[in-house]
Amino acid sequence: MSAETDAVSTSAYSSPAKSLGDPGITPLSPSHIVKDSDADDAVEQLFLVVVAIDFGTTSSGYAYSFTKEPECIHVMRRWEGGDPGVSNQKTPTTILLTPERKFHSFGYAARDFYHDLDPTESKHWLYFEKFKMKLHTTGNLTMETDLTAANGKKVKALEIFAYALQFFKEQALKELSDQGGSDFENTEVRWVITVPAIWKQPAKQFMRQAAYKAGMASPENPEQLIIALEPEAASIYCRKLRLHQMIDLSNRAPVNGYSPSDTIGTGFTQGKEHVRRNRQSRTFMVENVIGEIWSELEEGDRYIVVDSGGGTVDMTVHQIRLPEGHLKELYKATGGPYGSLGVDYEFEKLLCKIFGEDFIEQFKIKRPAAWVDLMIAFESRKRAAAPDRTNPLNITLPFSFIDYYKKFRGHSVEHALRKSNVDFVKWSSQGMLRMSPDAMNALFKPTIDQIVQHLSEVFDKPEVTNVKFLFLVGGFAESPLLQQAVQSTFGSRCRVIIPQDVGLTILKGAVLFGLDPAVIKVRRSPLTYGVGVLNRFVEGKHPAEKLLVKDGTRWCTDVFDKFISADQSVALGETVTRSYTPAKPSQLVIVINIYSSEQDSVSFITEPGVKKCGTLRLDLTGTDAAVPNRREIKTLMQFGDTEIKAMAVDVATSKSVKVGIDFLNY
């Protein structure tokens, strides 16, 4: 008997939860956050500090704030290492395991150590970079999903993510202990991990599982970890901006005292100077009042946050609710894999065109460390690309590239360039690829075009009219080419604003979110969710092939009982309630399949586009032995948070029932 028929929904016709109206005013100071249940209040007080980890595709970092002084955000200590042309508080998201598959190092340390290994040795070590995208691109993500190291060997993704999170956990606790002079316990920390808003439920759950494995929180104490959505975090921080903390790309007003006729670049350089002077402290004061940007926003104003990072670009549209500055999401988060990695990929395609795909594939496997080197050299030149640049960009080719190419092909790199017919890329006698600015800009074009195209589609949605500001955040937002494209396309519709320390925006916003998770009051559901149920068969309404006769009763099978529709707004704490009855009194576990669809109107779970996406498992063991013949289990689900949550109660005894909602292992 299938799970669908095990549970008969007693409220098949009840409508999804109606909005509860405004859930009251939440004070801004995090010491007394209004929670929906009093039970959480005790938990809230226990955390001394909130630590947020921005686990990025290309770079990562952490920041923290003590709950006693929430207006101070401390960004992590400077890391050892660092690259020419890249000034950053963050560290590359790279991880190195020993040949025995034990954790060795993370970040610059991992990269440099791997790089210094002898090639005969390095092929046994497992080096991973840019692995976060795997969670976005894997259609059927499970706990068993593998990642491939630079040397081609496979390791479970969960292990790699857990190692990375454990590294950050240890670094942060060590810094907190050093600062406080006594050992800081993990129990005193509320952790926040950021993920792209466009990630599906399984990927968010995967992150949570990895954090449990890293010992940050546990299934018994899930509140210790909050999953934050990257553009939401950025949005929370952007509201606090003062005028000197941002660059306004629109020509409406001079910012920082320089006139709009200055190029985009100079504003940014001045901005960077300002940041550099303040960088020694690493502590950022956040205005407790609302920033100056907000003083221009009125009740109901809308703005869009575009978070452009290494792997993904995702955007969210928020509306401001005064007086307390709560946020309401107006349109479901959208985006795609249009991060700056796309530019690296175009560079790789260019190399394949010049030197041959067969050579590049071999080179990556045989000389993985040199390949990493080449990509680092490219990265610093990539950052030098700008719309008005006239002089060429030189990329140093590692010696082993030149050497290996000669062995592989029997002729020189110079010869390959001459006969490749690739204009704009020349060989310079110093052993460099010399790219004209046009050639470099061409590498950015496909990715930037996709971002602009996607943004145009969002702007055309009826929910997205009258947007006042566009905040461009994330590491890729530092690119003058992207800035110019966004400004020239959308500058007439809204003001395009870039926070000064644009790469740290999400990190700081994630800390603010951890201090007050209730700041975003209304979200939009990305998908339609529901379950399959049996309903009484109605002649003329239900198709004949769905008829099931059981003990003389006529049932219609496969009915989609909708919990929530795609793009429906849901308030924080709002619940969708359903009651389920075990098929027979002795049944101790009810497993209900959850289905999802991108369509709003779904009648049956067998329709095209409807997929099974998870399970709801009610565990009735350990509830009273004297069970009535017909038990009713009331299930409450919440769709208004960053993750989907569920709880359940046995109606007869009012005891809570153990419930699991699982999008990963079903």
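- Named according to an unreviewed UniProt entry, the protein chain is Heat shock 70 kDa protein 12A originating from Catharus ustulatus.
- Of the protein chain, the UniProt comment under Function (unreviewed entry) reads exactly: "Adapter protein for SORL1, but not SORT1. Delays SORL1 internalization and affects SORL1 subcellular localization."
- Its UniProt record gives the protein chain the following Sequence similarities (unreviewed entry) comment, quoted word for word: "Belongs to the heat shock protein 70 family."

**Here we look at the pairing of strand β3 (residues 59-66)**
Every other side chain in a regular strand lies on the same face of the sheet, so the side chains alternate between the two faces.
And then number 1: Of all eight residues in β3, eight are buried; the element is thus mostly enclosed.
And then number 2: Alternating residues of β3 divide into Ser59, Gly61, Ala63 and Ser65 and Ser60, Tyr62, Tyr64 and Phe66, and every residue in both groups is buried.
And then number 3: As paired strands, strand β2 (residues 49-55) and β3 are joined by seven bridges and run antiparallel to one another. Within the sheet, the bridge partner assigned to Val49 lies in β3 and is Phe66.

**Overview of the pairing of strand β16 (residues 313-321)**
And then number 1: Within β16, nine of the nine residues are buried, which leaves the element mostly enclosed by the surrounding structure.
And then number 2: Residue alternation in β16 divides its side chains into two sets, Val313, Met315, Val317, Gln319 and Arg321 and Asp314, Thr316, His318 and Ile320, and both sets are buried.
And then number 3: Connecting the antiparallel pair strand β15 (residues 302-308) and β16 is a turn made up of four residues.
And then number 4: Note that β16 and strand β17 (residues 326-336) share eight bridges and pair antiparallel. By the bridge assignment, Ile320 is partnered in β17 with Leu327.
And then number 5: Hairpin connection between β16 and β17: a loop of four residues separates the two successive antiparallel strands, and Gly325 in this loop has a positive phi of roughly 70°.

**Examining the nonpolar core**
And then number 1: Ranked by internal contacts, the top residues of the largest apolar core, which has 151 residues, are Phe128, Phe161, Phe355 and Leu470.
And then number 2: In terms of residue count, helix α6 (residues 157-180) provides more of this core than any other element does, twelve residues in total.
And then number 3: If we skip the residues at most four places from it in the chain, Leu470 touches Ile304, Val306, Leu455, Phe459, Val486, Cys494, Arg495, Val496 and Ile497.
And then number 4: With 27 residues, the next largest nonpolar core counts Cys556, Val559, Val576 and Phe604 among its residues.

**Points about unusual backbone geometry**
And then number 1: The phi angle at Asp567 is positive, at roughly 65°, despite the residue not being glycine.
And then number 2: Look at Asp567 and you get buried, because its relative accessible area is 15%.

**Brief notes about the confidence of the model for the protein chain**
And then number 1: Per-chain confidence: the protein chain averages 83 in pLDDT, with 83% of residues scoring 70 or above.
And then number 2: Per-residue pLDDT stays below 50 along residues 1-44; that stretch engages in 90 contacts with residues further than four places along the chain or on separate chains.
And then number 3: Within the model, the stretch residues 252-280 combines pLDDT values under 50 with 33 contacts to residues more than four positions away or in other chains.

Calculation criteria
- Residues numbered from 1 in each chain as written.
- Predicted model: local features only at pLDDT ≥ 70, side-chain atom pairs only at ≥ 80, totals over all residues.
- Heavy atoms only, no water.
- UniProt positions renumbered as here; feature names shortened; annotations may be inferred.
- Buried < 20%, exposed > 50% of the residue type's maximum accessible area, 1.4 Å probe, protein only.
- Helix = DSSP H or I, 4+ residues; strand = E, 2+ residues; numbered from the N terminus.
- Pairing = 2+ DSSP bridges.
- Core = buried A, V, L, I, M, F, W, Y, C linked by side-chain atoms within 4.5 Å.
- Contact = heavy atoms within 4.5 Å.
- pLDDT = per-residue confidence, 0-100.

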